[in-house]
Structures are given as C-alpha cells and as structure tokens.
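# Observations on the model geometry
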Protein chains: 2
Amino acid sequence: MQPRRVLITGAGGRIGRALVGSLRDRYQLRLHFHRVVPAELTTFEHVVADIAQYDEVESMMRGIDAVVHLAADPRVTAPWESVLPNNIIGTYNVFEAARRSGVRKIVFASTNHVMGMYDRDRMWPVYSWLPPRPDSLYGVSKAFGELLGRYYSDRFGMSVICLRIGWFLPEPSDEIARWMWLSPRDCAQIVERALETDLLYGVFYAISGNSSRHWDITDTMEKLGYRPEDDAERYFIE
Amino acid sequence: MQPRRVLITGAGGRIGRALVGSLRDRYQLRLHFHRVVPAELTTFEHVVADIAQYDEVESMMRGIDAVVHLAADPRVTAPWESVLPNNIIGTYNVFEAARRSGVRKIVFASTNHVMGMYDRDRMWPVYSWLPPRPDSLYGVSKAFGELLGRYYSDRFGMSVICLRIGWFLPEPSDEIARWMWLSPRDCAQIVERALETDLLYGVFYAISGNSSRHWDITDTMEKLGYRPEDDAERYFIE
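Parameters at a glance
Each chain carries its own residue numbering, running from 1 in the direction its sequence is written. Chain labels run from A onward and ligand labels from 1 onward, assigned in the order the entries are written. Two thresholds apply to this predicted model, a pLDDT of at least 70 for residue-level local features and 80 or more for giving and counting side-chain atom pairs, whereas whole-chain, interface and lining totals are computed over all residues. The side-chain numbers reported here are obtained from all heavy atoms of the structure, hydrogens and water having been left aside. Put simply, DSSP marks the helices as runs of H or I at least four residues long and the strands as runs of E at least two long, and each gets a number from the N terminus on. We compute the radius of gyration over the C-alpha atoms and compare it with the globule rule, which gives 2.2 Å times the number of residues raised to the power 0.38. The buried label goes to any residue with under 20% of its type's maximum accessible area, the exposed label to any with over 50%, and the partly exposed label to all in between, with areas taken from a 1.4 Å probe on protein chains only. In what follows, residue pairs with any heavy atoms lying within 4.5 Å of each other are defined as contacts. The charged-residue count follows a simple rule in which Lys and Arg add positive charge and Asp and Glu add negative charge, with His and chain termini not counted at all. Taken as the charge location is NZ of Lys, CZ of Arg, CG of Asp or CD of Glu. We call a pair of cysteine sulfur atoms a disulfide whenever their separation is within 2.5 Å. UniProt positions are given in the numbering used here, feature names are shortened, and annotations may be inferred rather than shown by experiment. Note on pairing: DSSP must find at least two bridges between two strands before they are called paired. Handedness rule for crossovers: strands pointing away from the viewer, path from the first strand over the helix to the second running clockwise, crossover right-handed.

### Observations concerning the overall build of chain A
In terms of helices and strands, chain A carries 8 helices and 9 strands. For a compact globule of 238 residues, the expected C-alpha radius of gyration is about 18 Å, and chain A comes in at 17 Å, within 12% of that figure. Projected onto its principal axes, the C-alpha coordinates of chain A cover approximately 50 × 35 × 35 Å. Burial status across chain A gives 60% buried among its 238 residues. A fraction of 65% describes how many contacts in chain A between residues 6 or more apart in sequence connect residues 24 or more apart. Treating the 28 positive side-chain charges of chain A as one cloud and the 31 negative ones as another, the clouds have centres 4 Å apart.

Written out as structure tokens, the structure reads:
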C-alpha cells in the first residue's frame, strides 16, 4: 500500500526544505519543525514540537501513513548532551509513536558517519552491510536509529528504510564533495523509492552516481530501484 | 599491559557475585553496587552509585586499570523508561568516565538478545559478526553498548571487549539452557581472557562448550583463547 499522508520531521533543515518542494506534488505533507516555522512553509499543515517529548511526538502522528524522520542534531561534533535528547530519545519517540499510531513506514535519515572510521582508514570501498564503525557520538546515535529500526521492523512488521545520506549540497563544492555528494534531485528520488518500497528493512548509502565514489550504492540501486541522475564529476571536468 | 585494579559495575547481580569469587585472587577489585551492598561483599573496596549519574560514575574510576561493566537492567522485558537511564545513559557514562580517567580496558556485558531475532526465526547457527537483530529494547540497548564500544576503541585506542553472555546458571536446568548455558567457571574464564587480551575490539558469544549450541564460539576460542570446560549435554545424558 503506497503512503499518501507523509510526516516530515525536521522539515526546517536543509534537506527537509528541499524535500518539501520535491514531495509536495506526490504526497499530502505534514511538516514538523523544532522551533521556527520558515515563512515559505507556513501554508503547509505543520506542527512545532520537541521530539524529545514523547507526547508531543505522538500528537503529530494522527492520520499519517509514513514518516520521513530527519529531525536530529546534525552536527558531527554534537556533544552527548544534545545527541541524547535530539537523536537517541527523539528517534525512539518517533518510532514508538509511529507504532502506537499504526504508521507502517519510516524513512530514517542516517549518515555516512555511521561508517566514518572506514573512511578515516581509507578502507574503500565501504559496503553498507559492513559492521558499523562510527566516527563520532553523532554517528553512534544514527547507528542506534538503524538498530532500533531493525527491531521495530522485525518485531512489529513496520517497514523501516535507513538512508546513509552523504553530503547534501546544491552543487559539489570541493574534492570531498566530489565523492560524497548527494544532489537534491537524487535525494528526492531515493526518499521516494524508500517511501514506495515494500522492503521491510534496509540500510542504504544515499549519494549521487559520483564516478569517484568510495561507498557502494549497488544495494541502493538493486533493492530500492534508485537510478542516480547526477554525478559530481561533471562539475570538475572542464 | 595487564590490568591489576579492576572495577566491576553491577557486582551485586548474579553474574557479578560469581565473578567476584573467581577474580578476587588475580585482581585487586573495586565493586560497584546500585543500591544494596550484599553482606558477604562488604569486605571488598566498594561504592554505591547510580550509573545514570555521570559524576557518580567518574568518581568510581580513580586508579582503575579495567572495568567489567555488568550494571544494567537485565530484564529482556525492561521498558524504555528503565533501559534509557540504566543501559544506555549508564553505559555511556561508564565508557566516557573510563576514557577521561585513563582506563584503557572495558569488558562489556552484552547479550544474546542482540541477535534474538535470528533465534526466533531459527536462523542457526548465529555468527557473532552477523548484523544485529535485537529482539527487545533490552537487546537494542546492549547493541548500542557494542557500537559505543567500537567508537571508543577506534577513536581513543581503548580495548573494548563485548561478551554476548548466554544463560548464566549454576547448572543447566532445561532444554533451552542445554544450548545457551554459560557455566560460572566458563564465564570467569572468558572475562579473564577479555581482561588480558591485547585485542582492541571484539564481540564474542559467551557460552559454555555446549554440544547442542546454536551460536558460534569459534571467534571466542580463536581470538580470545577461550577453552570451555563445561558442556550442558553432560547434565542431560544419564
């Protein structure tokens, strides 16, 4: 069953704002914001809530078919004092409230930092099925979300798709973006595929079809049907 | 460098009490208790602390070489309200306080419930390197501890050995114990091996050499040098 009513948490962030523009034609959106409602998004159905507070999260779920869970402290350097409420407790609250509200699909924004130690050690290519080696408490918190998703999927039959989002930018700006770039339209495509798939669980790298990539996206292509349209290389060849 | 001064957290639990008797001759022990100090253990150096409180945890670490971290809510059915402070926050506090105090070794009591969904689905044998599939929030919390240990090991060079402890019992009591039993002396041996190894990180099943086991202990034997002395089967053949 394809979802129609989609809740985007953290819709005020960089990725959230871009996704709203891409998904608005296909889904009926409800947007969650941490504090501020961006002026250009006030016309959407929206709610302001602290995802660390369970009751506030549950009240966002009414009538929702699927959640795109982006809300988190996105800083790689985030300290435990922020990672704990925003990324760990917040993600538990979203999964649990979704379950109790009958939501059957969660797309979880994970990160390449779950595997960052492979990159530090240049153990390339990195495959999504290798054991997590987080490079930060932020990476640990996202790996926790992937694990929790596995549990909710195995235990309650919910579909939880985890996307290890690379570097989301309008255009690749430097040598690192050259291999880890995720373009806005490729991001939108992956999230849509994740929303539409019947898969019950999966962890996928989410980057564009960069010729210089070090992370394997074969699974993203084979299992989600992702067909990247962008390649950072084009911006470097003059 | 072999550890001499060892802190055991949760030393009042079933496994903790048994370990004290086995490790006391080899190491200088400091025992942590959650609330009550068992009468027979008052002669040991000890401290009562809530591991969910960082400051209380850090004060336990002074002069310690290694931590055997057992303290947790051990119930498979433990709700989030207990798992969060006792297993997630508590484990973070122990790892972080150990790091800040210069402790170079942690033996972390994990559990087979990190992989419980393989058992539910009878996907045997289960190898320790398969992706975690927790069967409970308890299992998720222990998988979190394994992940956090990976981070502390990769990032700070600490040795973190995670033991997926099976069913710790004086004697195997029924058909399930027949394959998942961990005898007291085999438990003591594995913990000692984990304390003495130079390995920087590892996740190992910790059960006796049960002929009917479904979990692979090859890694435990090869990488830790574990040689089980017990086999539950002996209790069933008459």
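Next comes the rest of the description.
### Focus: the state of the cysteines
Residue and element names in this part refer to chain A. Following the criterion strictly, the structure yields 0 disulfides over all chains and no others. Of all cysteine sulfurs in the structure, the one in Cys187 sits closest to Cys162, which takes part in no disulfide; the separation is 15 Å. On the accessibility criterion, Cys162 (0% relative accessible area) is buried.

### Overview of the UniProt feature "domain: NAD-dependent epimerase/dehydratase" (unreviewed entry) in chain A
In the numbering adopted here, UniProt assigns the feature "domain: NAD-dependent epimerase/dehydratase" (unreviewed entry) to residues 6-165 of chain A. Taken as a whole, residues 6-165 of chain A contains 38% helix and 20% strand, while its terminal C-alpha atoms sit 19 Å from one another.

### Things to note about the pairing of strand E4 (residues 66-69) of chain A
Consecutive side chains along a regular strand alternate between the two faces of the sheet. Residues and elements named next belong to chain A. The alternating pattern of E4 places Ala66 and Val68 and Val67 and His69 on opposite faces, both of which are buried. Note that strand E1 (residues 5-9) and E4 share 4 bridges and pair parallel. In the sheet register, Val6 faces E4, and the bridge partner there is Ala66.

### Observations concerning the environment of Ala97 of chain A
All names here are of chain A. Mapped onto the secondary structure, Ala97 falls in helix H3 (residues 80-100). Put simply, Ala97 and Tyr54 are 43 residues apart on the chain and 7.5 Å apart in space, counted from C-alpha to C-alpha. Setting aside residues no more than four positions away along its own chain, Ala97 makes contact with Tyr54, Val57, Glu58 and Met61.

### Focus on the pairing of strand E2 (residues 28-33) of chain B
Residue and element names in this part refer to chain B. A large share of E2 lies buried, amounting to 5 of its 6 residues. Sheet topology note: the strand E1 (residues 5-9)/E2 ladder contains 4 bridges and is parallel. Its bridge partner lying in E2, Ile8 is registered against Leu31. Handedness of the crossover is the feature at issue here: the chain leaves E1, passes through helix H1 (residues 14-23), returns alongside E2, and the resulting connection is right-handed.

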